[in-house]
Amino acid sequence: MEIIKFLNALPGACAQGLIWGIMAIGVYITYKVLDLADLTVDGTMSTGGAVCVIMMLQGYSAGFSLLAAVGAGMLAGLATGILHTVMGIPAILSGILTQLGLYSINLRIMGGRANQSIGVDQYELLVSLRWVKDVPFYKNPIFVVGIFVVLLIAVLYWFFGTELGCSIRATGCNANMSRAQGINTDISKILGLVISNGIVAFSSGLFAQYQGFADVNAGRGAIVIGLAAVIIGQVIFGKIRGNFAFKLLSVVFGSIIYYLVLQVVLKLGLEPNDLKLLSAVVVAVFLAIPYLKGKYFAKPVKRGGATNA
Amino acid sequence: MLRIEHIWKTFNVGTVNEKTALKDLSLELKEGDFVTVIGGNGAGKSTMLNAVAGVWPVDEGKIFIDDIDVTRLPEHKRAAYLGRVFQDPMTGTAANMQIQENLALALRRGTFRFLKSGITRAEREEYQEKLKVLDLGLEERMTSKVGLLSGGQRQALTLLMATLKKPKLLLLDEHTAALDPKTAAKVLDATERIVGRDHLTTLMITHNMKDAIAHGNRLIMMYEGNVIYDVSGEEKKKLKVADLLAKFEQASGGEFANDRMILA
């Protein structure tokens, strides 16, 4: 019976993993492309849902409400970007400041309540966890979110190939060189943060619809889950040489795997309350492995290796 | 082409490490001048280049490039007029990006970057031709990540990037100092060819006095944040390393030239 219960939980885990995979793509843009750890996402992951649900409760369509959520997320990214570049506050601290401020803002958005629910029967939702099984495939959240993921990756692949996108990549890679080549690195960083947080808020909006409520604590630890997805994707698919789109896709798969593993762990008897600790440990271990490998298990370079001058 | 008027720069103001790196420095370069810059450690050579490039603002004085006052322009805006190669081979290129992507970034220096394609097919062919000039086989590795290249290859690539879009002024900050002698000679040779071909106005810092004499049409020696010796034309051609050492001793009040200068 346990096995069947577990199998029953898998589609839900996949759907959830896909939605959070979108968030992980946002994290990837700041953490990997811009080389900047942005903690704003913990706040934005609540903001998007709050804006989306409140807008829908006011009678706006699901699509428009999602767009508004993206806009709100972008504003949050803009705030962090300005704190970091114009005000000269270190990136991590800028993110923490915005995130903290967002907590109050999120409560304001939700009318002072810690959560706001939205019924799947009264409102036209795009995704819901009720539709994971026994619905036509086009209503299944895995299908719907899957389409969003493909579209998002296509747009980002195109964008980071444009002049503007290339200048953001260059900024993350080598800021000195970028300035010497006439790139305004402040603008690049702000733009990257805006895009990233817009994507996170989009994911947040979808997740609120999926769950049927927005929660002021929905984003707590989001950055760690995002990092976990990025790292798992890198560990499993890193050996395959792929282009930028493939890397983004591997992040999404990383997220799905993360949620599948969580299901397994829950079935093994861990309490849901322990999950955050587990996430933290997983990320810490995977971040530490490359460092420890290099420090204690470095293979000595053979003498007479290739000389390249 | 370049006009530096009475610039001052002091670092770490108000601390025990306070150092005035540029003291009332003035310098003028004519179009097509290839000026080599020598001087001991802390003479202000790199500081002068950074002041021109706009890495930080100067405390006093003005800087003009082609009669445009750039004193208040931020670094990325001045980049439109400048080509720069740094001492550290890691500084001038983006390691995680392809060779051709690095070149594409350089080609767009000084232009407004928006949603046009970051690199076009026509460009690729142009880069292939230009890379052949370097004679390092890089034209076969256009899609390799720059991080895979050696220091010398990266410096040569940076040089190409700095001159891909003809700059009003080329700034070379000891760009061969981190390379082994053979590679250094190769990069210097490429520098000479490109500067000669495009008639680039150039400021080249070097620790090697022989190189300073052998290259360019003018040589300046810096000491304690100012130019103490300025020689060009026929007089420069006749210079010997011994003359420069004597000059240096004279300027520093008999203080012996530092090891790096002697070894050079």
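Reading guide: rules and limits
- Residues numbered from 1 in each chain as written.
- Chains lettered and ligands numbered in written order.
- Predicted model: local features only at pLDDT ≥ 70, side-chain atom pairs only at ≥ 80, totals over all residues.
- Heavy atoms only, no water.
- Helix = DSSP H or I, 4+ residues; strand = E, 2+ residues; numbered from the N terminus.
- Rg over C-alpha atoms; globule rule 2.2 N^0.38 Å.
- Buried < 20%, exposed > 50% of the residue type's maximum accessible area, 1.4 Å probe, protein only.
- Areas by Shrake-Rupley, 256 points an atom, 1.4 Å probe, with all protein chains shown as cover.
- Salt bridge = Lys/Arg side-chain N within 4 Å of Asp/Glu carboxyl O.
- Core = buried A, V, L, I, M, F, W, Y, C linked by side-chain atoms within 4.5 Å.
- Contact = heavy atoms within 4.5 Å.
- Pairing = 2+ DSSP bridges.
- Axes fitted to C-alpha atoms, helices over the stretch in contact; angles between N-to-C directions.
- Polar contact = N/O pair within 3.5 Å; in protein donor to acceptor, adjacent residues only side chain to side chain.
- Patch = residues over 30% accessible without salt bridge, like charges linked within 9 Å, V, L, I, M, F, W, Y side chains within 5 Å.
- Parallel < 35°, antiparallel > 145°, perpendicular 65-115°, else oblique.
- Nonpolar A, V, L, I, M, F, W, Y, C, P; charged D, E, K, R; others polar.
- Domains from an automatic or database assignment.
- Buried area = accessible area lost by both parts, 1.4 Å probe.

## Some words on the overall build of chain A
Moving on, step 1. Along chain A, the regular secondary structure elements total 11 helices and 2 strands.
Moving on, step 2. Starting at the N terminus and ending at the C terminus, chain A contains elements arranged as α-α-α-α-β-α-α-α-α-β-α-α-α.
Moving on, step 3. Here the C-alpha atoms of chain A give a radius of gyration of 20 Å, agreeing with the 19 Å that 2.2 N^0.38 yields for 309 residues.
Moving on, step 4. Projected onto the principal axes, the alpha-carbon positions of chain A cover approximately 70 × 50 × 35 Å.
Moving on, step 5. Counting every position in chain A, which comprises 309 residues, the buried fraction comes to 49%.
Moving on, step 6. For chain A, the computed accessible surface area is about 15,000 Å², with 65% contributed by carbon and sulfur atoms.

## Re the pattern of salt bridges
Moving on, step 1. Counted according to the given criterion, the structure contains 17 salt bridges over all chains.
Moving on, step 2. We note a salt bridge from arginine 169 of chain A to glutamate 101 of chain B, for which the minimum N-O separation is 2.8 Å. In this pair, arginine 169 of chain A is assigned in helix H6 (residues 163-173) and glutamate 101 of chain B in helix H3 (residues 99-107), connecting two distinct chains.
Moving on, step 3. Classification of arginine 169 of chain A by relative accessible area gives buried; the value is 19%.
Moving on, step 4. Salt-bridge contacts for glutamate 5 of chain B lead to arginine 3 of chain B; the nearest nitrogen and oxygen are separated by 3.0 Å.
Moving on, step 5. Look at glutamate 5 of chain B and you get partly exposed, because its relative accessible area is 29%.
Moving on, step 6. Exposure remark for arginine 3 of chain B: the relative accessible area of 23% places this residue in the partly exposed category.
Moving on, step 7. Put simply, Glu163 of chain A together with Arg108 and Glu123 of chain B are held in one network by salt bridges that share partners.

## A short note on helix H1 (residues 45-53) of chain B
At 3.6 residues per turn, the α-helix brings residues three or four places apart onto the same side.
Residues and elements named next belong to chain B.
Moving on, step 1. The buried fraction of H1 amounts to 7 of the 9 residues, a majority that puts the element mostly inside the structure.
Moving on, step 2. Of all the positions in H1, only Lys45, Thr47, Met48, Leu49, Ala51, Val52 and Ala53 are classed as buried.
Moving on, step 3. Where H1 terminates, the next one or two residues include glycine 54, which has phi positive at roughly 85 degrees.

## With respect to the nonpolar core
Moving on, step 1. By size, the foremost hydrophobic cluster in this structure holds 79 residues, and its most contacted members are Trp20, Ile22, Ile25, Leu156, Phe160 and Ile199 of chain A.
Moving on, step 2. If one sorts the elements of this core by residue count, helix H1 (residues 2-33) of chain A sits on top with 13 residues.
Moving on, step 3. Each residue touching isoleucine 199 of chain A, except ones within four places of it in the same chain, is listed here: Ile22, Ile25, Gly26, Ile29, Leu152 and Leu156 of chain A.
Moving on, step 4. Listed in part, the 36 residues of the second largest apolar core include Cys166 of chain A together with Leu103, Val146 and Leu159 of chain B.

## Structural notes on the sheet that holds strand E10 (residues 226-232) of chain B
Residues and elements named next belong to chain B.
Moving on, step 1. Across the sheet, which stays open at both edges, the 6 strands sit in the order E6-E7-E8-E3-E9-E10 with mixed pairing between neighbours. Of all strands in the sheet, those bounded by a partner on one side alone are strand E6 (82-85) and E10. Across this sheet, the average inter-strand angle for adjacent strands is 15 degrees, counted without regard to direction.
Moving on, step 2. Bridging between strand E9 (residues 218-223) and E10 involves 6 bridges; their strand directions are antiparallel. Paired with isoleucine 220 across the strands is aspartate 230, a residue of E10.

## Details of the environment of glutamate 163 of chain A
Moving on, step 1. Position of glutamate 163 of chain A among the secondary structure elements: in helix H6.
Moving on, step 2. Considered as a pair, glutamate 163 of chain A and aspartate 35 of chain A are 128 residues apart in the sequence and their alpha carbons are 19 Å apart.
Moving on, step 3. When residues no more than four places from it in sequence are discounted, the contact partners of glutamate 163 of chain A are Arg108, Phe112, Arg113, Phe114, Lys116, Ser117 and Gly118 of chain B.
Moving on, step 4. Polar contacts involving the side chain of glutamate 163 of chain A include one to the side chain of arginine 108 of chain B, which spans 2.8 Å.

## Focus: a nonpolar patch on the surface
Residues and elements named next belong to chain A.
Moving on, step 1. A grouping of Val235, Ile236, Leu277, Val281, Val285, Phe286 and Ile289 is seen on the molecular surface, where their side chains present a nonpolar patch of about 590 Å² in accessible area.
Moving on, step 2. Contributions of two or more residues to the nonpolar patch are made by helix H9 (222-237) and helix H11 (275-296).
Moving on, step 3. In terms of residue count, H11 provides more of the nonpolar patch than any other element does, 5 residues in total.
Moving on, step 4. Mapped onto the secondary structure, phenylalanine 286 falls in helix H11.

## Overview of the packing of H6 of chain A against helix H8 (residues 185-211) of chain A
Residues and elements named next belong to chain A.
Moving on, step 1. For the pair H6 and H8, the least separation of the axes is 9 Å and the interaxial angle reads 105 degrees. Considering their axes alone, H6 and H8 lie roughly perpendicular with respect to each other. Each of Leu164, Ser167, Ile168 and Thr171 in H6 lies in contact with H8, whose residues at this interface are Thr185, Ser188, Lys189, Leu191, Gly192 and Ile195.
Moving on, step 2. Of the residues that constitute the contact of H6 with H8, the class distribution is 4 nonpolar, 5 polar and 1 charged.

## So, the domain arrangement of chain B
Frequently, the measure chosen for interface size is the accessible area that the parts lose on association.
Residues and elements named next belong to chain B.
Moving on, step 1. According to the domain assignment, chain B consists of domain 1 (28-58 + 73-81 + 167-264) and domain 2 (94-165).
Moving on, step 2. Computed from C-alpha atoms alone, the centre-to-centre distance between domain 1 and domain 2 is 26 Å.
Moving on, step 3. On the side of domain 2, 14 residues touch domain 1, which itself brings 17 residues to the contact.
Moving on, step 4. Summing both sides of the interface, domain 1 and domain 2 together bury roughly 1,200 Å²; the carbon and sulfur share of this comes to 69%.
Moving on, step 5. For the interface between domain 1 and domain 2, the tally reads 0 salt bridges.

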